[in-house]
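Per-entry structural report
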Amino acid sequence: MSACPPVFVLGAGLAGTVAACRLAARGVPVRVIADRPGASALHGGGWLLGAAGPLDAAWPGAARHLDAATAFARAGLEALDLRAGTFVLPDVEGARRPCELAPASHAVVATFGPRLGVIDLVPLGHPFAGMQAAGTPIAVDWPPGPDAFGRSFAYVSQRIEAEPALLDGLLAALRAALAGHPVDALLLPPVLGVLRAEAHRRRLVEALGVPVGEALDVLPSAPGLRLHAALSAWRVAAGVETETARVTAIELSPLGVRIGDALRPASAVVLATGRYLTGGLSMHPTVAEPLAGLPLAVPVATNPLTEARREGPYDAGPFATGVRVDAAMRVCGADGRPVHDGLYAAGDVVGGLDTLTSRCASGLALVGGYAAAEAVAAQEGR
Ligand SMILES: Cc1cc2nc3c(=O)[nH]c(=O)nc-3n(C[C@H](O)[C@H](O)[C@H](O)COP(=O)(O)OP(=O)(O)OC[C@H]3O[C@@H](n4cnc5c(N)ncnc54)[C@H](O)[C@@H]3O)c2cc1C
């Protein structure tokens with residue numbers, strides 16, 4: 001007697017992880033296959049949800065899942081302690097970025113008053129010295145060692161995670177530096193760790209007696225590393241097995257996932273493979289979905305790097321293209337009908353809008369992953 005095949009979720013970014021953990025929560029046997037970190041591991045820390053409109057423009061009805069999907073992710077991504085609100089938060093270059101959800105470590109900065117001390121870890125003229133404009137710069141001689149500068153904050157965060165004694169050194173350096181500076185709150189670059197960043201931040205708050213927060217990051221991104229680590233931890237806690245492999249094809253009849261010569265039967269497949277960065281869409285010789293040659297929304301025939309329409313490079317087809325889905329996140333053909341009852345898609349691989357300029361990329365990944373899982377669970381009778 002053969003057991004019913006599992007649901008395969010392809011991709012372990014935000015969309016794939018939300019889908020997989022939601023399926024597990026609904027009692028559906030699920031496996032994730034992913035070959036490397038994607039856009040989620042580059043996330044800057046300020047989550048754009050698009051609640052005020054863009055989300056529904058991308059996919060009518062999407063916003064109705066937003067609250068449930070966000071609450072689900074906030075509970076699952078426990079280490080990040082995600083806070084919801086309307087924030088405008090500084091990044092390491094000094095830009096102020098609006099967002100609607102952020103790890104506590106960044107979100108608390110929105111509550112800081114004008115007497116803000118900004119911890120200066122880079123020399124003047126460094127692009128990340130831009131964040132000093134947010135308050136009074138305070139020079140701190142840390143981290144120790146010849147490689148302190150010229151490395152990213154993501155690197156320093158990884159070191160703190162691996163060598164907790166470094167946090168003691170930071171605390172001592174902060175105490176010494178603060179002696180001549182009466183401040184109401186402290187802004188740090190994102191250096192406080194990876195999975196334990198929030199616990200480390202709380203330790204500093206307690207020891208220094210002032211609120212402490214971190215700026216958002218640019219590439220390479222400490223918040224992205226944290227999100228990647230928190231997504232992995234969530235899948236483990238939810239009992240979802242993640243296999244490291246590159247899927248080479250999706251077969252539709254019968255439904256299955258191919259890895260080289262091996263074909264794995266699937267009761268459903270959730271495609272959460274991202275866009276160009278991860279190979280969820282390929283560019284050569286034309287823009288295509290490489291695993292099943294799925295029809296694309298906003299299809300383009302030319303090289304996306306050279307095509308620029310009247311609207312400019314970002315609003316042009318290549319940046320808005322991706323697979324088509326219906327209201328249940330089933331992949332559709334040009335006629336709007338599902339290409340297969342068991343094939344779903346979520347996250348950046350879904351087309352229709354430019355995920356960067358539309359300011360709802362994280363919202364789409366959250367809602368798409370959640371809605372796809374709900375639809376699969378209903379299909380499986382759960
Ligand atoms: C540099 C950068 C910064 C960003 N900053 C922000 C921000 O600050 N705020 C915000 O709201 N949004 C931001 N975004 C957007 C946001 O990060 C993405 O929209 C979101 O993370 C997409 O998640 P995803 O799960 O769809 O894709 P991804 O995270 O890209 O995951 C795709 C997954 O698919 C897997 N995969 C692909 N093909 C295969 C295959 N054939 N076999 C096996 N596995 C495969 C990859 O291994 C990966 O695990 C940023 C994006 C980028 C690129």
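About the thresholds
- Residues numbered from 1 in each chain as written.
- Predicted model: local features only at pLDDT ≥ 70, side-chain atom pairs only at ≥ 80, totals over all residues.
- Heavy atoms only, no water.
- Pairing = 2+ DSSP bridges.
- Helix = DSSP H or I, 4+ residues; strand = E, 2+ residues; numbered from the N terminus.
- Axes fitted to C-alpha atoms, helices over the stretch in contact; angles between N-to-C directions.
- Contact = heavy atoms within 4.5 Å.
- Near = heavy atom within 4 Å.
- Polar contact = N/O pair within 3.5 Å; in protein donor to acceptor, adjacent residues only side chain to side chain.
- Areas by Shrake-Rupley, 256 points an atom, 1.4 Å probe, with all protein chains shown as cover.
- Nonpolar A, V, L, I, M, F, W, Y, C, P; charged D, E, K, R; others polar.
- Phe/Tyr/Trp six-rings, centres within 6.5 Å; stacked < 30°, edge-to-face > 60°.
- Buried < 20%, exposed > 50% of the residue type's maximum accessible area, 1.4 Å probe, protein only.
- Left-handed = near helix turned anticlockwise from the far one by under 90°.

Thoughts on the sheet that holds strand β7 (residues 185–188)
- Spatially, β6-β5-β7-β8 is the arrangement adopted by the 4 strands of the open sheet, whose pairing is parallel. Only two strands of the sheet have a single neighbouring strand rather than two, namely β6 (136–139) and β8 (212–214). Each strand axis lies, on average, 30° off the axis of its neighbour in the sheet, ignoring direction.
- Note: β7 against β8, 3 bridges, orientation parallel. Considered in β8, the bridge of L188 is made with E214.
- Sheet strands touched by helix α6 (residues 165–178): β5 (116–120), β6 and β7. Its angle to β6, the strand with the most contacts, is close to 120°.

Considerations on the site of the ligand
- Looking at the ligand, there are 33 residues lining it, with R36, S40, G46, D348 and S362 nearest.
- In this structure, a nitrogen atom belonging to the ligand sits 3.5 Å away from a side-chain N or O atom of R246.
- Alone, the ligand offers 1000 Å² of accessible surface; in the complex the protein occludes 91% of this.
- Of all the secondary structure elements, the ones that give two or more residues to the shell around the ligand are α1 (14–25), β2 (30–34) and α10 (361–379).
- The class makeup of the residues in the shell around the ligand is 15 nonpolar, 13 polar and 5 charged.

Points about the packing of aromatic side chains
- Counting across every chain of the model gives 3 aromatic pairs.
- When the ring of F72 is compared with that of W234, the centres are 5.2 Å apart and the planes differ by 55°; the resulting orientation is tilted. With F72 in helix α3 (residues 66–76) and W234 in helix α8 (residues 222–237), this residue pair connects regions lying 162 residues apart in the sequence. Just as F72 is buried, W234 falls in that class too.
- The structure contains a cluster of three or more aromatic residues connected by ring pairs, namely F72, W234 and Y370.

What about the packing of α6 against helix α7 (residues 197–208)?
- Running from N to C, α6 and α7 point in directions that differ by 35°, and their axes come no closer than 11 Å. Handedness of the α6/α7 crossing: right-handed. For the pair formed by α6 and α7, the contact residues are L167, D168, L170, L171, L174, R175 and L178 on the first element and H200, R203, L204, A207 and L208 on the second.
- Of the residues belonging to the contact of α6 with α7, the class tally is 8 nonpolar, 1 polar and 3 charged.

With respect to the pairing of strand β12 (residues 262–265)
- In this sheet, β12 lies alongside strand β11 (residues 255–259) in antiparallel orientation, the contact comprising 4 bridges. Counterpart to R258 in the pairing with β12 is L263.
- Linkage of β11 to β12, two consecutive antiparallel strands, is achieved through a turn of 2 residues, within which G260 is found at a positive phi near 60°.

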